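# Coordinates in review
Single-letter residue listing:
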Amino acid sequence: MLVLGIESSCDETGAAVVADDGTVRSDVVQSQVVHSEWGGVVPELASRDHARNVLPVVREALARAEVTLDAIDGIAVTCRPGLVGALLVGVQAAKGMAFGSRKPIVGVDHLMGHLLAVFLRRAGGEARPVPEFPFVALLASGGHTAIYRVDAASTDRVRELGATRDDAAGEAYDKVAKLLGLGYPGGPAIDSLAKEGDADAIDLVAPMAHARSLEFSFSGIKTQVAALVQGRAPLDDAARANVCAAFQRAVTGVLAKKLFAAAEAEGVLHVVLGGGVAANSELRRRVQEGAARRGMAAHVPPLASCTDNGAMIAYAGAVRLSRGERDGWDLAATSATALPRATRKGRGRR
Ligand code: KG4
Ligand code: ZN
């Protein structure tokens, strides 16, 4: 079965053709650049850019896979969670194509896409063993940060074990990068600068790092960085690198620590990373080394599968289509995830 996947939930327009065994035939991602001067995603600009790009990106995905829409067995589209105006563009484009070509359509929860991205098989990539169910996954992106127990590839078999009470980890990266004048998105810039810095030179702690709970909080560390830089002369390059190193050590340390605490509490031997922050070099290293020490298997997707892409949506859609699931023309775009939530924002004592 071949599925066309369309992603437009945030600032990446993605389209991909993926087979139901996870083989990626094509994966085209157009990252929007209009947001960089604003230091964050501007929803209305995102919608307009998606509307301009969605059909060319789909055409390119079909061309690279060397197929026409006729050869496609179904269309999968991100319908939640995300910016509603941005999601609407993908959903309407998918409906139009599905209607015109008489193909089935399925809506995909973007977080499900990230959780299953580890099953994608990319051309030229090394053969990786896929995780066994149940596994525990850390999903860390610009909009979400949570740990899940995944018993099967279905939203009703996913349980949230803990999530952030405030900012997502990627959001903290982006805000700290903005404070340091490193542009948007901040993750890759901080990741590379951190390698040149000395994490011991600056005292930064990720709140809730020592709490037994599996919840996170990242707004406090952003405030700590703000206190370091605001109202002072701009930091020199060495000082900026030190802030990046200390910030990255604190954030990736707490993410990895709680992922393993969750896996141990659940008695699960497979841990999975997903979401844009899973592209982070220090997080990937910590999770790989931590798993090896504990006799666990770490499943860390290649970078192209971590950040937003259409292939993960196509694969999650293929799983739904294989079960005979279909959506109707009333498929709607929604800002909230379908995954059950356990952590409420801003809840409780830190
Ligand atoms: O999953 P994603 O592409 O979009 C969302 O669903 O949010 O994640 C984007 C986030 C951004 O906040 C970006 O700064 C972060 O992932 N990110 C990284 C790295 N690459 C991207 N964060 C830390 N280190 C990286 N190397
Ligand atoms: Zn995402």
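The coordinates are above.
Residues numbered from 1 in each chain as written. Chains lettered and ligands numbered in written order. Predicted model: local features only at pLDDT ≥ 70, side-chain atom pairs only at ≥ 80, totals over all residues. Heavy atoms only, no water.

### Description of the side chain of Ser8
- When you line up the elements, Ser8 lands in the loop between strand S1 (2–7) and strand S2 (12–19).
- By relative accessible area, which is 1% here, Ser8 ends up buried.
- At 2.7 Å, the side chain of Ser8 forms a polar contact with the backbone oxygen of Ala86.
- Of the polar contacts made by the side chain of Ser8, one reaches the backbone nitrogen of Gly90; its length is 3.2 Å. (Helix = DSSP H or I, 4+ residues; strand = E, 2+ residues; numbered from the N terminus. Buried < 20%, exposed > 50% of the residue type's maximum accessible area, 1.4 Å probe, protein only. Polar contact = N/O pair within 3.5 Å; in protein donor to acceptor, adjacent residues only side chain to side chain.)

### Topic: unusual backbone geometry
- The amide bond that connects Phe133 to the next residue, Pro134, takes the cis arrangement and shows omega of -5°.
- Mapped onto the secondary structure, Pro134 falls in the loop between helix H3 (110–116) and strand S6 (135–140).
- Here Tyr184 and Pro185 are connected by a cis peptide whose omega angle stands at -10°.
- Note on placement: Pro185 falls in the loop between helix H4 (169–179) and helix H5 (186–194).
- Residue Arg102 is not a glycine yet carries a positive backbone phi of 55°.
- Within the fold, Arg102 resides in the loop between helix H2 (84–101) and strand S5 (105–109).
- Residues other than glycine seldom take positive phi values, yet Met208 does so here, at roughly 70°.
- Here Met208 is to be found in the loop between H5 and helix H6 (219–229).

### What to know about the environment of Ala304
- With respect to the helices, strands and loops of the structure, Ala304 is situated in helix H9 (residues 303–306).
- Between the alpha carbons of Ala304 and Asp27 there is a distance of 9.1 Å; along the sequence they are 277 residues apart.
- Those residues in contact with Ala304, other than ones at most four positions away along the chain, are Arg122 and Asn309. (Contact = heavy atoms within 4.5 Å.)

### As for the site of ligand 1
- Lining the immediate environment of ligand 1, one finds 20 residues, of which Gly142, Asp174, Gly187, Asn280 and Asp308 sit closest.
- Here an oxygen atom of ligand 1 and a backbone polar atom of Gly187 are 3.0 Å apart.
- A distance of 2.9 Å separates an oxygen atom of ligand 1 from a polar atom in the backbone of Asp308.
- Burial of ligand 1 by the protein amounts to 91% of the accessible area it has alone, namely 550 Å².
- Using a 2 Å cut-off from the grid points, one finds that ligand 1 occupies the largest pocket.
- Contributing elements (two or more residues each) for the shell around ligand 1: H3, H4 and H5.
- With four residues, the single largest contributor to the shell around ligand 1 is H5.
- Here the residues of the shell around ligand 1 are counted per class, giving five nonpolar, 12 polar and three charged. (Near = heavy atom within 4 Å. Areas by Shrake-Rupley, 256 points an atom, 1.4 Å probe, with all protein chains shown as cover. 1 Å grid on protein atoms, 1.4 Å probe; cavity = no way out; pocket = protein on both sides within 12 Å on 5 of 7 lines; lining within 4 Å. Sits in = over half its atoms within 2 Å of the grid points. Nonpolar A, V, L, I, M, F, W, Y, C, P; charged D, E, K, R; others polar.)

Geometric descriptors of this kind do not, in isolation, establish any biological role.
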